[in-house]
Amino acid sequence: MAASSNAEQTQLQDMEEEDAGMEEREMESDEEEEGMGEENSDDEEDDSSEDEKENEAEIQRLEEQLSINAFDYNCHVDLIKLLKQEGELFRLRKARQKMSELFPLTEEIWLDWLKDEIRLTEEEPNREKVYELFEKAVKDYICPDIWLEYAQYSIGGMGSPGGIDRVRSIFERAVTAVGLHMTKGQAVWEAYREFENAILSTVQPPPGKIPSREEQELLKTQLGRIHTLFRRQLAIPLMEMEATYAEYEEWSEEGVADTVTHQYKKALQQMEKCKPFEDSLLVAEPPKLAEYQAYIDFELKEGDPARIQITFERTLAENCLVPDMWAKYTSYLDRQLKIKDLVLSTHERAVRNCPWTMGLWKSYLLALERHGADHQTVSDVFEKALNAGFIQATDYVEIWQAYLDYLRRRVDFSKESSKELEELRGAFSRSLDYMKQDVEERFGESGDPSCLIMQIWARIEALHCKNIQKARELWDSIMTKGNAKFANMWLEYYNLERSYGDPVHCRKALHRAVQCTSDYPEHVCEVLLTFERVEGTLEDWDVAVQKTETRLNRINEQRAKVAEKEATLARQEEERADQRRKAKAEKKAQKKVQKGSRAGEKRKAEQDDYDDEWNEDSEQAPKRLRGNGDQTAEESMETETGLFGRNPPPGYKPAPPGFKKPQPGPSAAAPRPNDDKPELRNDDSSVFISNLAYTLEEPEAKLRTLFETCGPIKQIRPVVSNKGTFKGYCYLQFESAVSVAEALKLDRREVEGRPMFVSPCVDKSKNPDFKVFKYNTSMEKEKIFISGLPFSCTKEQLEGICRDHGVVKEVRLVTYRSGKPKGLAYVEFANEAQASQAVLKMDGMEVEGNKISVAISNPPRRNMVDKPGSSRPAADLMPRQVYGSRGRGRTQLSLLPRSLHRQSAPVNKVENGTTAEAAANAAGETKPLSNSDFARMLLSK
């Protein structure tokens, strides 16, 4: 026994030693791993510290940029992303608060912010801060996910006093706001029912226990709430409402009432009507503006205000930067619903989303006045509008007019003096100072050349305040601002004096008008004579006749001098053109003489070839026509050199009738089929192809390969010189005229590095009145013009950039005839709203280091010299509008009355590929109005 026990002890000692050895080896290996881990962690710490330094530097840069321009939306977003990445929660909260003060936040930003705040404020006393944040979030946009998050968060506080009632209140607000959302509203209803079912489980008695009367009442009340929720939901058209109906049938012990079934079937029919619109939204790409607009039109025809509202809200959640959509929504609320809180809150959201749109601010001011907002609130909104950064000087004129109209309506003019009247006069004075200082410094123009604000002020002083002297002082100031030469301005002043002044001042105004007016002096003179016939003495009549005759004689002399000068310039230009033609003809004659010194046979062969080419081209070559509404000034039509308008060579005599040219020798090239048979050619089934490389080898074979997909080809005729070299253009005739339309789609297709031009064939001898160009000179609101692009930018790259802002229909890079890029491009979107959004987002963007400029396409007017009998209206020759330093004109239109509209002085500013100088050259005189026209204007006053 002792021996065995000793053996066991020895064995145990050996096992303990082995275990100890294994532990030592494991500890050594752990130490080695720890050492390696420490080395790796040191490397990771170095990398992370470098990243932290870089991020901190970027954060500081973004904060400095925001201190300079607080309205940089993208800068706010980048700063929030970096701070969240770094875990700077308190700085992150501050950055989000600053951004929310200036802009409405998107659903994603709000949800991230709310989730972060919920984690930071898990203690009960801090729940109120989260509730306040939720209240701000639900005001920006109608977002079902935010409402659902709000309701679920409130459930966590239902144990506090009044907690259950608070949860119910939030759920009720949620289903009111987003319960009609066709695709996401169901989730809110289901969450509401789950909450009530959870409450039901707490009031139900255990099995076998008889509930008291109080418990029975609680149970009955709770069951009634759930029944009501089912019935309310089933009366609304929502996706998957069939499953909700089946769930109600299973849950209800009493069955489904007939009224509920009737309401459910009615909602189901409505849902089937809406389903096509919902399906189109599912497959459409953002921003889905066209699909939403169709949905809105449908709901407006149906006439359900609640559904119209939710459809507008869904549209604006995805198109928050489209001013036209906000304008339609606010206009509907103003005219139809007229609910104060809803109307004013929507107007406020509209100007926060699109602060640059003057029309939204103007509508907001009117809505505030319409719903009886206090004066301080209206004034505060107006001050915000002045700081919103409008893009046109005329926008500031209109917003001032709206505010001055509001102040005028507050004044009780029955009192000689009042606080409101003094405030109105002070506002008029301030508006004039603002236009002179702020607006002119920013845009280079006041935006009110006809002094409309001063005219309104003068009329108020004369009509309401009976202060005609103040009105005269204002009109004196108006005339000193460059308006004294316009007849319509003097007629406005004259009408004011006729209404509120006296004959003496009327006569004085007309005498000054006769001396100063330069646009329509005949009419002003006629008005003066008419006035004296009614009001004046013989002496007054004689003075008026003498002044008008003297003035009209001087005007006629000036017009005669101008006409003589213009005739001289035209004659000089014609002489220079003749000299250029003569010099060109002499140069050709010299070349012909040099060729005449060659060998007789060779010279004769070349002369015969040249004669053939002249006969062929002069009889059959149609002019190449191109029409492109968005081409730049450098891309004007180019007549193919050596093909049209060429004079016959010196000494050329046409061949007599019946003359047959001798057959060439065997070395001559075989004639092409149909070349000598003009009757086989058909311009209707032909296209003209040009701008091909002179070095193009086998042009006929290459073009046949390129165009054979358009239809069966009858013949291809490349045009060659008398030396047999390809001239870069040719004619292609199809078997059918149907193929021409497909061929024209290949226009500007690149062929060996050059854009190939494809255009229809039109014989000018048969169609002399055919217009060479259909050149679009009006603003193309669906198309944007981009300049400053790097030459390396491709069509696909530009399309990818623009696709983020809407549906791109066409992208065209502008090139020289050689195919080299100009750094310009035109991009056409699906509609005007997408183009406007692209301008706002892309203007000033950097592409490969180049800062690009983006504006709505406004093609330059062509320089056209007026010809006798020209039918072009004079309005088309008005100079283009000149914009100030804020940028090019975009989608805004001038609201200046036509009768007061005048040409602005030209400014040397490049705009959509032209200069103001070119626009000025295209300007022409408008058609003078007749005496009867001015008489109608005068009587209408």
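Everything quoted here is computed from the prediction, not taken from an experiment.

About the thresholds
Residues numbered from 1 in each chain as written. Predicted model: local features only at pLDDT ≥ 70, side-chain atom pairs only at ≥ 80, totals over all residues. Heavy atoms only, no water. Helix = DSSP H or I, 4+ residues; strand = E, 2+ residues; numbered from the N terminus. Buried < 20%, exposed > 50% of the residue type's maximum accessible area, 1.4 Å probe, protein only. Contact = heavy atoms within 4.5 Å. Areas by Shrake-Rupley, 256 points an atom, 1.4 Å probe, with all protein chains shown as cover. Patch = residues over 30% accessible without salt bridge, like charges linked within 9 Å, V, L, I, M, F, W, Y side chains within 5 Å. Salt bridge = Lys/Arg side-chain N within 4 Å of Asp/Glu carboxyl O. Lys, Arg positive; Asp, Glu negative; His and termini not counted. Charge placed at Lys NZ, Arg CZ, Asp CG, Glu CD. 1 Å grid on protein atoms, 1.4 Å probe; cavity = no way out; pocket = protein on both sides within 12 Å on 5 of 7 lines; lining within 4 Å. Points joined across faces, edges and corners; volume = space filled by probe spheres on them. Nonpolar A, V, L, I, M, F, W, Y, C, P; charged D, E, K, R; others polar. pLDDT = per-residue confidence, 0-100. Expected span 1.5 Å × (residues − 1). Core = buried A, V, L, I, M, F, W, Y, C linked by side-chain atoms within 4.5 Å. Pairing = 2+ DSSP bridges. Axes fitted to C-alpha atoms, helices over the stretch in contact; angles between N-to-C directions. Disulfide = S-S within 2.5 Å.

Colleague: Got a minute to help me understand the overall build of the protein chain in this structure?
Modeller: Within the protein chain, the secondary structure is distributed over 32 helices and 12 strands. The buried share among the 941 residues of the protein chain stands at 40%. Within the protein chain, counting contacts between residues at least 6 apart in sequence, those at least 24 apart form 65% of the total. Accessible surface computed for the protein chain: about 53,300 Å², of which carbon and sulfur atoms make up 50%.

Colleague: What am I meant to see in a negative patch on the surface here?
Modeller: On the surface, Glu50, Asp51, Glu52 and Glu54 cluster together to form a negatively charged patch. Here Asp51 shows up in helix α1 (residues 2-68).

Colleague: Looking at this model, I keep getting lost on the pattern of salt bridges. Mind explaining?
Modeller: With the rule as written, the count across this model stands at 39 salt bridges. The closest approach of N and O atoms between Arg91 and Glu56, which form a salt bridge, is 3.5 Å. With Arg91 in helix α3 (residues 89-102) and Glu56 in helix α1, the pair connects residues that are 35 residues apart, well separated along the chain. With a relative accessible area of 26%, Arg91 lands in the partly exposed category. A relative accessible area of 27% places Glu56 in the partly exposed class. Ionic pairing is found between Glu780 and Lys783, a salt bridge with its closest N-O pair at 3.7 Å. In terms of burial, Glu780 and Lys783 fall into one category: buried. By sharing partners, the salt bridges in this structure join Lys84, Arg96, Asp116 and Arg119 into a single network.

Colleague: When you look at the side chain of His371 in this model, what are you seeing that I'm missing?
Modeller: Topologically, His371 is positioned in the loop between α16 (358-370) and α17 (375-386). The class of His371 is buried, set by a relative accessible area of 19%. Sequence-distant contacts of His371, defined by excluding residues within four places in its chain, comprise Lys338, Ile339, Lys340, Val343 and Leu344.

Colleague: Where do I start with empty space enclosed by the protein in this structure?
Modeller: Rolled over the atoms, a probe as big as a water molecule pinpoints where empty space is left. In the structure shown here, the tally under the stated rule is three cavities of 30 Å³ or more. The calculated volume of the largest cavity comes to roughly 50 Å³. Around the largest cavity sit Leu789, Pro790, Phe791, Cys793, Leu813, Val814, Pro821, Lys822, Gly823 and Leu824, which together line it. Counting residues per element, the ones that place at least two in the lining of the largest cavity are β8 (808-815) and β9 (821-829). Among the elements that make up the lining of the largest cavity, the one with the highest residue count is β9 (four residues). Of the residues assigned to the lining of the largest cavity, the class counts are eight nonpolar, one polar and one charged.

Colleague: I keep staring at the confidence of the model for the protein chain and nothing clicks. Help me out?
Modeller: Regions with low pLDDT carry predicted coordinates that are not meant to be interpreted in detail. Averaged over every residue, the pLDDT of the protein chain is 80; the share at 70 or more is 75%. pLDDT under 50 marks residues 913-926. Its contacts with residues more than four places away, or in other chains, come to 28 contacts.

Colleague: Explain helix α24 (residues 521-535) to me, please; I cannot follow it from the model alone.
Modeller: Because each turn of an α-helix spans 3.6 residues, side chains separated by three or four positions in sequence point in the same direction. Taking 1.5 Å per residue, 15 residues should reach 21 Å; α24 reaches 21 Å between its end C-alpha atoms and fits that length. Buried within α24 we find Pro521, His523, Val524, Cys525, Val527, Leu528, Leu529, Phe531 and Glu532.

Colleague: Can you walk me through the environment of Pro821 in this structure?
Modeller: Within the secondary structure layout, Pro821 lies in strand β9. Spatially, the C-alpha atoms of Pro821 and Pro790 are 8.8 Å apart, while their sequence positions differ by 31 residues. Contact partners of Pro821, with chain neighbours within four places excluded, come to Phe791, Val814, Thr815 and Tyr816.

Colleague: It is not clear to me how the nonpolar core should be interpreted in this structure. Could you clarify?
Modeller: Note on soluble globular proteins: their nonpolar side chains tend to be buried together. Ranked by internal contacts, the top residues of the largest apolar core, which has 86 residues, are Trp361, Tyr396, Ile399, Trp400 and Trp475. Those residues within four positions of Trp361 in sequence are excluded, and the remaining contacts are Val351, Pro355, Val381, Lys384, Ala385, Ala388, Phe390 and Ile399. Within the second largest apolar cluster, 52 residues are counted, among which are Ala95, Phe103, Trp113 and Ala191.

Colleague: Just to check I follow, could you spell out the sheet that holds strand β12 (residues 853-857) for this structure?
Modeller: Where strands meet in a sheet, backbone hydrogen bonds hold them as pairs that are either parallel or antiparallel. Strand order in the open sheet made by the four strands is β8-β9-β7-β12, with antiparallel pairing throughout. Single-partner strands in this sheet number two, and they are β8 and β12. Strand-to-strand twist across the sheet, computed as the mean angle between neighbouring axes with direction ignored, equals 20°. Along the sheet face, helix α29 (residues 795-802) touches β7 (780-787), β8 and β9 and points at about 135° away from the line of β8. Docked against the sheet, helix α30 (residues 832-842) engages β7, β9 and β12, running at close to 25° with respect to β7.

Colleague: Quick question: what am I supposed to make of a positive patch on the surface here?
Modeller: Judged by side-chain charge, Lys584, Lys587, Lys588, Lys591, Lys595 and Lys723 come together as a positively charged surface patch. For Lys584, the location among the structural elements is in helix α25 (residues 538-595). On the accessibility criterion, Lys584 (55% relative accessible area) is exposed.

Colleague: Just checking my understanding: could you explain the state of the cysteines for this structure?
Modeller: Two cysteines joined by a covalent bond between their sulfur atoms form a disulfide. The final tally for this structure, using the stated rule, is zero disulfides. Between Cys320, a cysteine without a disulfide, and Cys354, which holds the nearest cysteine sulfur, the sulfur-to-sulfur distance is 7.3 Å.

Colleague: Would you explain the pairing of β7 in this entry?
Modeller: If a strand is regular, its side chains alternate between the two faces of the sheet. Counting buried positions along β7 gives six out of eight residues, so the element sits mostly inside the fold. Pairing geometry for β7 and β12, over five bridges, is antiparallel. Bridging from a neighbouring strand, Ser787 pairs with Ser853 of β12. The pairing of β7 with β9 spans five bridges and is antiparallel. Bridge pairing links Lys783 to Glu828 in β9.

Colleague: Can you help me understand unusual backbone geometry in this one?
Modeller: Of note, the bond from Pro286 into Pro287 is cis; its omega dihedral lies within 30 degrees of zero at 10°. A positive phi angle is found at Glu698, which is not glycine, with a value near 50°. Within the fold, Glu698 resides in the loop between β2 (686-690) and α27 (699-707). By relative accessible area, Glu698 is classed as exposed at 60%.

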